[in-house]
Amino acid sequence: QVQLVESGGGSVQAGGSLRLSCAASGGTFSSYDMGWFRQAPGKAREFVAAVSWSGGGIDYADSVKGRFVISRDNAKNTVYLQMNSLKSEDTAVYYCAADWKYGRYSRHESDYDYWGQGTQVTVSS
């Protein structure tokens with residue numbers, strides 16, 4: 001069983017930056033693809049970014065491409081989401097997720113087996 005704990009959320013003004021972290025425990029972190037998703041009030045959860053088990057495969061939603069950077073440190077069992085040039089529409093609860101069928105770094109939340117509890121990001125304009 002894998003446990004995921006997100007941190008780093010908070011409130012920031014538009015144009016600012018935040019870095020989210022997701023610490024994993026209870027499994028072999030380097031065997032999992034990792035993803036970040038978000039859910040804004042009244043909206044469905046949506047894909048943000050994903051990284052393969054090795055870090056060699058990365059995918060971003062069009063809405064964050066060029067502003068967000070996903071990375072992972074397998075030695076620290078942690079995946080990161082660096083968020084730059086934040087916009088009010090980035091306001092959401094951000095979740096990290098782990099997929100044990102590594103190699104596909106999927107955009108589909110149904111492909112992920114484990115989820116964190118989420119961290120709130122609020123961007124004010």
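Bear in mind that the values here come from a model prediction, so they are computed numbers and not experimental data.

J.: Give me the side chain of Ser106: which residues, what numbers.
T.: Within the element layout of this structure, Ser106 appears in the loop between β9 (92-99) and β10 (114-115). Classification of Ser106 by relative accessible area gives buried; the value is 6%. Within the structure, Ser106 has its side chain in polar contact with the backbone nitrogen of His108 (distance 2.8 Å). In this structure Ser106 touches Phe47, Ala50, Asp111 and Tyr112, once residues within four positions along its chain are discounted.

J.: Kindly report on the nonpolar core, identifying the contributing residues and their values.
T.: Ranked by size, the top nonpolar core spans 36 residues in total, and within it Leu4, Met34, Trp36, Leu81, Met83 and Tyr94 carry the most contacts. Every element with two or more residues in this core is listed here: β3 (18-25), β4 (33-39), β5 (46-51), β7 (68-73), β8 (78-83), β9 and β11 (119-124). With sequence-adjacent residues up to four places away left out, Leu81 is seen in contact with Leu18, Arg19, Leu20, Trp36, Val48, Ala49, Phe68, Val69, Ile70 and Tyr94.

J.: So what's going on with the state of the cysteines? Residues and values would help.
T.: A complete count under the given rule lists 1 disulfide for this structure. Here Cys22 is linked by a disulfide to Cys96, with a sulfur-sulfur distance of 1.9 Å. The S-S bond linking Cys22 to Cys96 shows a torsion near 50°; that makes this disulfide right-handed. Of this pair, Cys22 sits in strand β3 while Cys96 sits in strand β9, placing them 74 residues apart in sequence. Judged on exposure class, the residue Cys22 and its partner Cys96 are both buried.

Conventions we followed
- Residues numbered from 1 in each chain as written.
- Predicted model: local features only at pLDDT ≥ 70, side-chain atom pairs only at ≥ 80, totals over all residues.
- Heavy atoms only, no water.
- Helix = DSSP H or I, 4+ residues; strand = E, 2+ residues; numbered from the N terminus.
- Buried < 20%, exposed > 50% of the residue type's maximum accessible area, 1.4 Å probe, protein only.
- Polar contact = N/O pair within 3.5 Å; in protein donor to acceptor, adjacent residues only side chain to side chain.
- Contact = heavy atoms within 4.5 Å.
- Core = buried A, V, L, I, M, F, W, Y, C linked by side-chain atoms within 4.5 Å.
- Disulfide = S-S within 2.5 Å.

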